[in-house]
Number of protein chains: 2
Amino acid sequence: MTYCIGLRLKDGLVMLSDTRTNAGLDNIATFSKMYVFEQPGDRMISLMTSGNLGVSQAVLSLLNDGVEDPATGDLQTLYSVPSMFRAAQLVSEAVRRVFAMHGELMQAQGVTYDIGVMLGGQIRDRAMRLYQIYSAGNFIEATEDTPFFQLGEHKYGKPILDRAVTYDIPLIEAVKLALISMDSTLRSNLSVGLPLDLLVYRRDALRSGIRRRITEDDAYFRHLREFWSGALREACQRLPSPDWVRE
Amino acid sequence: MTYCIGLRLKDGLVMLSDTRTNAGLDNIATFSKMYVFEQPGDRMISLMTSGNLGVSQAVLSLLNDGVEDPATGDLQTLYSVPSMFRAAQLVSEAVRRVFAMHGELMQAQGVTYDIGVMLGGQIRDRAMRLYQIYSAGNFIEATEDTPFFQLGEHKYGKPILDRAVTYDIPLIEAVKLALISMDSTLRSNLSVGLPLDLLVYRRDALRSGIRRRITEDDAYFRHLREFWSGALREACQRLPSPDWVRE
């Protein structure tokens, strides 16, 4: 399983992914699920994937090699597309081509063709965007009303985001909330695991800001985990008791 | 869908259930999922159900009418069993009998035979226990290590319980935590809905303590919902920023 969070906020993007892959509980491994296509001053595009690892690696290989434009025969990559919308279309096309290559036989063998992609970034003076692309190649875009997406094991970490994320929160608050949401998921589900990959992009910077791998040894993440459990217990104690308790 | 929480703690039991049933998103209704079998001074047994409503109502009808003991021919009910273990066996037997009546035809029509039961209580001088009973009639019991069970849509509300519940917390803290866990689920999933049914049982009381229906208008629950969201936002602000932010 996987857990990835992407937030598109007034000030920029925050993207966070785990690194656990598993084929059954007894076969787990570590693979980065975050890929960055960056040319400072021109574009910063980041991509996170969930689902079948064979499918997502095939999609990434296609994106790296370039996808042929049927009209012109030119190879397009995430370094050549002129806008984030075209970037999303390129990923969509790659997802469909891999389905054409592998989908039928996978399904014949009872394996679901399953990939989820989150794609965020900005190109030159175009708008900063965040997309979620599904297995069929269709996609949706984050808005001010719904400024975040999740991939994979999303339920454990959703309440904190639902309660606290708005379009206007500072990037650093969003980093903390994403890490708390991830921690809630790590604690409750074994199929999501450390280390984490974090990327923070400030709007119009056209280069990634923070890029960090967070391991078991990360002092800040360790502090956050303890702090948050303590803060919740303390908040619960501060919450007044109901007046009907003595009924 | 459904969300129910049961906690078996040093001081007693807390049981909380929602009341939403749905057959598709466009067909929702309100049904209590909590049933109390109480004879003050002798026993207090409470039961919560999830899954197919037809199945859980059939199980409840059987438990109310009595299940025949194959050896003696006597009808046994939750008012006649001598221990909570025997109560769990009685529920298990009822689940199996309803499967014998309806299971085959349901499965032939592509409907899963799906019922979950949580059963908590105490009888006279016997131990206070909490069981979770599955569709096949097999069951497990809560322990000091794992003092709570959940039925239904359990993921949204699990992190707060994982972080804050231990066997030793006071009952009133457990009530607050159960309500917070329920609120997290209500916010993030439409298939779980108000009103709620709450029962609190103090160990050795042999009668229910608090029994309360919590509606939209419940002033305390409204306060709790606002307080908790505010407390989380505030805790997030108090959490120091990582020192690698300025890297």
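Here the structure is shown first, and the text comes after it.
The structure displayed is predicted, hence computed values, not measured ones. Residue positions are given per chain, counted from 1 along the sequence in the order it is written. The naming scheme follows written order: chains are lettered A onward, ligands numbered 1 onward. With pLDDT at 70 or above as the cut-off, local features in this predicted model cover only qualifying residues; side-chain atom pairs require 80 or more to be listed or tallied, and sums for whole chains, interfaces and linings still use all residues. No hydrogens and no water enter the side-chain calculation; it runs on all heavy atoms of the structure.

Draft legend 1. Local environment of the pattern of salt bridges. When a carboxyl oxygen of Asp or Glu is within 4 Å of a side-chain nitrogen of Lys or Arg, the pair counts as a salt bridge. With the rule as written, the count across this model stands at 34 salt bridges over all chains. Residue A:Arg124 is joined to A:Asp42 by a salt bridge in which the shortest nitrogen-to-oxygen separation is 2.5 Å. Taken together, the positions of A:Arg124 in the loop between β9 (115–123) and β10 (129–133) and A:Asp42 in the loop between β5 (34–39) and β6 (43–51) put the pair 82 residues apart, joining distant regions of the chain. With a 1.4 Å probe rolled over the protein chains alone, any residue whose accessible area is under 20% of its type maximum counts as buried; one over 50% counts as exposed, and the rest are partly exposed. Owing to a relative accessible area of 39%, A:Arg124 belongs among the partly exposed residues under this scheme. The closest approach of N and O atoms between B:Arg129 and B:Glu141, which form a salt bridge, is 2.7 Å. Of the two residues, B:Arg129 is situated in strand β10 (residues 129–133) and B:Glu141 in strand β11 (residues 139–141); the sequence distance between them amounts to 12 residues. When its relative accessible area of 30% is taken as the criterion, B:Glu141 is described as partly exposed. Numbering goes from the N terminus for both helices and strands, where a helix is a DSSP run of H or I of at least four residues and a strand is a run of E of at least two.

Draft legend 2. Highlighting the packing of helix α1 (residues 53–65) of chain B against helix α2 (residues 84–108) of chain B. Residues and elements named next belong to chain B. In this analysis an axis means a line fitted to C-alpha atoms, helices contributing only their contacting stretch, and an angle means the value between N-to-C directions, from 0 to 180 degrees. The N-to-C vectors of α1 and α2 enclose an angle of 135°; their axes lie 9 Å apart at closest approach. Taken together, α1 and α2 sit at an angle that is classed as oblique. For the element pair α1 and α2, the recorded crossing hand is right-handed. Residue-level inspection shows Val 55, Ala 58, Val 59, Leu 62 and Leu 63 of α1 in contact with α2, the latter providing Leu 90, Val 91, Ala 94, Val 95, Arg 97, Val 98, Met 101 and Met 106. In this count, Pro and Cys sit with the nonpolar residues alongside Ala, Val, Leu, Ile, Met, Phe, Trp and Tyr, while Asp, Glu, Lys and Arg are called charged and the others, Gly among them, polar. Looking at side-chain class alone, the contact of α1 with α2 contains 12 nonpolar, no polar and one charged residues. We call two directions roughly parallel when the angle between them is under 35 degrees, roughly antiparallel when it is over 145, roughly perpendicular when it lies between 65 and 115, and oblique otherwise. If you view the pair so one helix is near and one far, a crossing is left-handed when the near helix is turned anticlockwise from the far one by less than a right angle, and right-handed when it is turned clockwise. Two residues form a contact once any of their heavy atoms are found within 4.5 Å.

Draft legend 3. Layout of the packing of helix α4 (residues 171–188) of chain B against helix α5 (residues 219–238) of chain B. All names here are of chain B. With their axes 10 Å apart at the nearest point, α4 and α5 run at an angle of 75° to one another. Relative to α5, the element α4 lies roughly perpendicular. Along the contact surface, α4 presents Lys 176, Leu 179, Ile 180, Asp 183, Leu 186 and Arg 187, while α5 presents Tyr 220, Phe 221, Leu 224, Arg 225, Trp 228 and Ser 229. Looking at the contact of α4 with α5, its residues break down into seven nonpolar, one polar and four charged.

Draft legend 4. Broad picture of the interface of chain A and chain B. Opposite the 47 residues of chain A that make contact, chain B presents 47 residues. Summed over both partners, the accessible surface that disappears when two parts come together, traced with a 1.4 Å probe, is what is meant by buried area. By the criterion of area lost to chain B, the three top residues of chain A are A:Arg163, A:Leu239 and A:Trp244, representing 21% of everything that side buries. Counting every contact that joins chain A to chain B gives six salt bridges. Of the charged contacts in the structure, one is a salt bridge between A:Arg163 and B:Asp183, with a shortest N-O distance of 2.9 Å. Here a polar contact means two N or O atoms within 3.5 Å. Within protein one must be a hydrogen donor candidate and the other an acceptor candidate, and residues neighboring in sequence count only if both atoms are side-chain atoms. Remark: the boundary between chain A and chain B carries 18 residue pairs in polar contact (both at pLDDT 80 or more). Where the side of chain A that touches chain B is concerned, the elements lending two or more residues are α3 (158–164), α4 (171–188), β14 (211–214) and α5 (219–238) of chain A. By residue number, the principal contributor to the side of chain A that touches chain B is α5(A), which donates 15 residues.

Draft legend 5. The sheet that holds β14(A), seen in detail. All names here are of chain A. With respect to topology, five strands assemble into an open sheet ordered β12-β1-β2-β13-β14, the strand pairing being antiparallel. Every interior strand has two partners, whereas the edge strands, β12 (148–152) and β14, have only one. Between one strand axis and the next, the sheet turns through 10° on average, direction left out of account. Any two strands are treated as partners once DSSP identifies two or more bridges connecting them. Relative to β12, strand β1 (residues 3–8) runs antiparallel, the two being bridged by five bridges. Following the sheet pairing, Ile 5 is matched in β12 by Gln 150. Each of β1, β2 (12–17), β13 (196–202) and β14 is contacted by α4, which is oriented at about 20° to β2, the strand it contacts most.

Draft legend 6. Representation of α5(A). All names here are of chain A. If you check α5, its first and last C-alpha atoms are 28 Å apart, about what 20 residues at 1.5 Å a residue would give, namely 28 Å. Inspection of α5 places Tyr 220, Phe 221, Leu 224, Phe 227, Trp 228, Ser 229, Ala 231, Leu 232, Ala 235 and Cys 236 among the buried residues, and these make up the whole buried set. Backbone nitrogen of Tyr 220 and a side-chain oxygen of the N-cap are separated by 3.1 Å at the start of α5; the cap is Asp 218. In this analysis, the expected span of each helix is defined as 1.5 Å times one less than the number of residues it contains.

Draft legend 7. Examining the pairing of β10(B) more closely. Residues and elements named next belong to chain B. Most of β10 is tucked away: four of the five residues are buried. Taking the residues that link successive antiparallel strands as the turn, the strand β9 (residues 115–123)-β10 hairpin has five residues, and the phi of Arg 124 there is positive, at about 45°. In this structure, β10 lies alongside β11, joined through three bridges in antiparallel fashion. Counted as the bridge partner of Gln 132 is Ile 140 from β11. Remark: five residues form the turn of the hairpin made by β10 and β11, two consecutive strands paired antiparallel; Gly 137 in that turn has positive phi of roughly 90°.

Draft legend 8. Structural view of unusual backbone geometry. Along the chain, A:Leu194 connects to A:Pro195 via a cis peptide bond; the corresponding omega equals -5°. Take A:Pro195: it is sitting in the loop between α4 and β13. For B:Arg124, which is not glycine, the phi torsion reads 45° and is therefore positive.

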